[in-house]
Amino acid sequence: MTDTARARKLADRIQVVVAQTLERRIKDPRLGFVTITDTRVTGDLREATVFYTVYGDDTEREATAAALESAKGVLRSEVGKQTGVRFTPSLTFVADALPDNARNIDDLLDKVRVSDAAVRTAAAGAQYAGEADPYRVPAAERDADEDE
């Protein structure tokens, strides 16, 4: 049986350890401005996936990915020292797609704003095609509404 609370705590601890180790101990010039955004650990605590973002263009992202792969052993040994678990999880680094998704959503929202503005300007001078209330109301109810 898996203990999700333990896996979640270990994932949080791994995130902190990896971020601190990258900041203080890893001196690779290929390593760009990296932010560790999330960490997930499997239920058996054997594998950890570390999500990261890099500020910069595609060449800097590729260089940072290569630097993280080469520093994987140092990072794993540091995680083992600071977490104290029986089996140190293997680390897998995955570039987080969150900034790209956010940029895509912003672009879509801009398109919707333009479309809404066009609809709003077209609707400003519009009139009903028929009556204002197109639903037929029986004469008895219409007379009762007028009396009130």
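Residues numbered from 1 in each chain as written. Predicted model: local features only at pLDDT ≥ 70, side-chain atom pairs only at ≥ 80, totals over all residues. Heavy atoms only, no water.

A. The arrangement of the packing of aromatic side chains in detail. One pass over the full model with this rule turns up one aromatic pair. For the ring pair Phe33 and Tyr55, a centre distance of 6.5 Å and an interplane angle of 90° mean the geometry is edge-to-face. Of this pair, Phe33 sits in strand E1 (residues 33-41) while Tyr55 sits in strand E2 (residues 47-55); the two residues are 22 residues apart in sequence, bridging distant segments of the chain. Take Phe33: its relative accessible area is 59%, and that puts it in the exposed class. Assessed through its relative accessible area of 66%, Tyr55 is described here as exposed. Sitting over the ring of Phe87, Arg46 keeps its end group 4.1 Å from the ring centre. (Phe/Tyr/Trp six-rings, centres within 6.5 Å; stacked < 30°, edge-to-face > 60°. Helix = DSSP H or I, 4+ residues; strand = E, 2+ residues; numbered from the N terminus. Buried < 20%, exposed > 50% of the residue type's maximum accessible area, 1.4 Å probe, protein only. Lys NZ or Arg CZ within 6 Å of the ring centre and 35° of its normal.)

B. A look at the environment of Ala65. Residue placement: Ala65 occurs in helix H2 (residues 58-70). On the basis of relative accessibility, which here comes to 28%, the residue Ala65 falls in the partly exposed class. Measuring from C-alpha to C-alpha, the distance between Ala65 and Val50 comes to 12 Å, with 15 residues separating the pair along the chain.

C. Representation of the sheet that holds strand E3 (residues 90-95). Ordered in space as E1-E2-E3, the three strands form an open sheet in which the pairing is mixed. The open sheet has two free edges, formed respectively by E1 and E3, since each of these has just one partner strand. Across this sheet, the average inter-strand angle for adjacent strands is 30°, counted without regard to direction. Sheet analysis places E1 next to E2, joined by eight bridges and oriented antiparallel. (Pairing = 2+ DSSP bridges. Axes fitted to C-alpha atoms, helices over the stretch in contact; angles between N-to-C directions.)

D. Spatial organisation of the nonpolar core. Judged by nonpolar contacts, the single largest core of 24 residues is most densely connected at Ile14, Val18, Leu22, Leu75, Leu91 and Phe93. Per-element accounting of this core gives the leading share, seven residues, to helix H1 (residues 4-24). Apart from residues no more than four positions distant in its own chain, Phe93 is found in contact with Val18, Val50, Tyr52, Leu68, Glu69, Lys72 and Leu75. (Core = buried A, V, L, I, M, F, W, Y, C linked by side-chain atoms within 4.5 Å. Contact = heavy atoms within 4.5 Å.)

E. Representation of the pattern of salt bridges in the model. Inspection of every chain in the model, using the stated rule, returns six salt bridges. With a shortest N-O distance of 3.3 Å, Arg40 and Asp38 are connected by a salt bridge. Classification of Asp38 as partly exposed rests on a relative accessible area of 26%. The shortest N-O distance in the salt bridge between Asp58 and Arg61 comes to 3.0 Å. In this pair, Asp58 and Arg61 are both assigned in helix H2, three residues apart and thus about one turn of the helix distant. (Salt bridge = Lys/Arg side-chain N within 4 Å of Asp/Glu carboxyl O.)

F. Quick peek at the layout of surface pockets. Considering only enclosed or pocket space, the largest pocket measures out at about 220 Å³ in volume. Considering the residues around the largest pocket, the lining is formed by 14 residues, among which Thr53, Val54, Arg61, Asp96 and Pro99 are closest to the centre. Elements supplying a minimum of two residues to the lining of the largest pocket: E1, E2, H2 and helix H4 (98-124). Among the elements that take part in the lining of the largest pocket, E2 stands out by supplying four residues, more than any other. Considering only residue class, the lining of the largest pocket consists of eight nonpolar, two polar and four charged. (1 Å grid on protein atoms, 1.4 Å probe; cavity = no way out; pocket = protein on both sides within 12 Å on 5 of 7 lines; lining within 4 Å. Points joined across faces, edges and corners; volume = space filled by probe spheres on them. Nonpolar A, V, L, I, M, F, W, Y, C, P; charged D, E, K, R; others polar.)

G. Inspection of unusual backbone geometry at higher detail. Of note, Leu45 is a non-glycine position whose phi angle comes to about 60°, a positive value. Along the polypeptide, Leu45 turns up in the loop between E1 and E2. Classification of Leu45 by relative accessible area gives buried; the value is 13%.

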